[in-house]
Number of protein chains: 2
Amino acid sequence: MTATFAPRGSKAELEAPDAPFAPKFDADGLIPAIAVDAEDGTILMQAYMNAESLAQTLEKGEAVYWSRSRQELWHKGATSGQVQTVVELLTDCDQDSILLRVKQAGGGACHTGQRSCFYRKVPVGQGNAVNLASSSYQS
Amino acid sequence: MTATFAPRGSKAELEAPDAPFAPKFDADGLIPAIAVDAEDGTILMQAYMNAESLAQTLEKGEAVYWSRSRQELWHKGATSGQVQTVVELLTDCDQDSILLRVKQAGGGACHTGQRSCFYRKVPVGQGNAVNLASSSYQS
């Protein structure tokens, strides 16, 4: 399958409400993709897609990412059962980020068993950044 | 200011519920950051932070990104008034992505005037990917 997207236009063309889909891939050929639970809005995970995985996502209606660690297409849930059925796919103003609203199968998105990969908070304020290295925090 | 974060440990160490904050920056020194409205969960935008902007975000309690186009620190809202007060900052399982729950000032996050940068949907299913180049779609 060859993924065919629109050529990148001017800033105004890219941002227009009726602009054609012209996703921007970075120097490694990737675009970040954020998966959100379509039912309650929980942010489930953030991964990356290349043109092929984005095209497959649009065709299958299921999230297909690019695994940077394995350097291969990653049909989410194909082995784990954590399939993400895409309810809605959005792009941002300059079309260099993807948002997926998904129906999450398998109880959650994270391989750790957590429903969301974002299961830990980092303390904010009062100069915490300089102290975090030596302190632990609770989720 | 020198940003001090924990060294990257093993996969198990990085994923532990009480792991120290050891964010992973990519080859360009950046980590993606997703901003969500803390009140209603709307996904507002996705940008990037470097170590300095992440440290400033933690210290100020306001979102500071790294502008890739301008190659400079970007204290969101400093000129536009669209300041993002950080209510909560989270990281994901392998600590290579940041999620901010923010109180958004100025009516929205997007420079286009939209509340969210993700104001356009891309049709999913039935092989749309190959046709998108020549078709427009509605938000």
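Because the structure is predicted, anything quoted here is derived from the model rather than measured.

A. A look at the environment of Lys24 of chain A. All names here are of chain A. Within the secondary structure, Lys24 sits in the loop between α1 (11–15) and β1 (31–37). Exposure remark for Lys24: the relative accessible area of 45% places this residue in the partly exposed category. Each C-alpha atom of the pair Lys24 and Phe5 lies 9.8 Å from the other, and the pair is 19 residues apart in sequence.

B. How the structure looks around the pattern of salt bridges. What the rule picks out here adds up to 14 salt bridges over all chains. The partner of Glu88 of chain A in a salt bridge is Lys121 of chain B, with the nearest N and O atoms 3.4 Å apart. With Glu88 of chain A in strand β5 (residues 84–91) and Lys121 of chain B in strand β7 (residues 120–122), the pair connects residues from two separate chains. One salt bridge in this structure joins Arg115 of chain B and Asp40 of chain B, with 2.9 Å as the shortest N-O distance. Remark: Asp40 of chain B occurs in the loop between β1 (31–37) and β2 (43–49) and Arg115 of chain B occurs in the loop between β6 (98–104) and β7; sequence separation between them is 75 residues. Judged by relative accessible area, Arg115 of chain B falls into the partly exposed class, the value being 34%. Judged by relative accessible area, which is 47%, Asp40 of chain B ranks as partly exposed. Connected through salt bridges with shared partners, the residues Asp37, Asp40 and Arg115 of chain A form a single ionic network.

C. Structural detail: the relation of the copies chain B and chain A. Rotating chain B by 180 degrees and translating it 0.0 Å along the rotation axis places it on chain A, where the RMSD comes to 0.0 Å. With respect to symmetry, the two chain copies, as superposed, fit the operation of a two-fold axis. The C-alpha atom lying nearest the rotation axis in chain B is that of Gly41 of chain B; the distance is 3.2 Å. A shared interface surface links the copies, since 98% of the contact residues of chain B are contact residues in chain A too.

What counts as what
- Residues numbered from 1 in each chain as written.
- Chains lettered and ligands numbered in written order.
- Predicted model: local features only at pLDDT ≥ 70, side-chain atom pairs only at ≥ 80, totals over all residues.
- Heavy atoms only, no water.
- Helix = DSSP H or I, 4+ residues; strand = E, 2+ residues; numbered from the N terminus.
- Buried < 20%, exposed > 50% of the residue type's maximum accessible area, 1.4 Å probe, protein only.
- Salt bridge = Lys/Arg side-chain N within 4 Å of Asp/Glu carboxyl O.
- Least-squares fit on C-alpha atoms with pLDDT ≥ 70 in both.
- Contact = heavy atoms within 4.5 Å.

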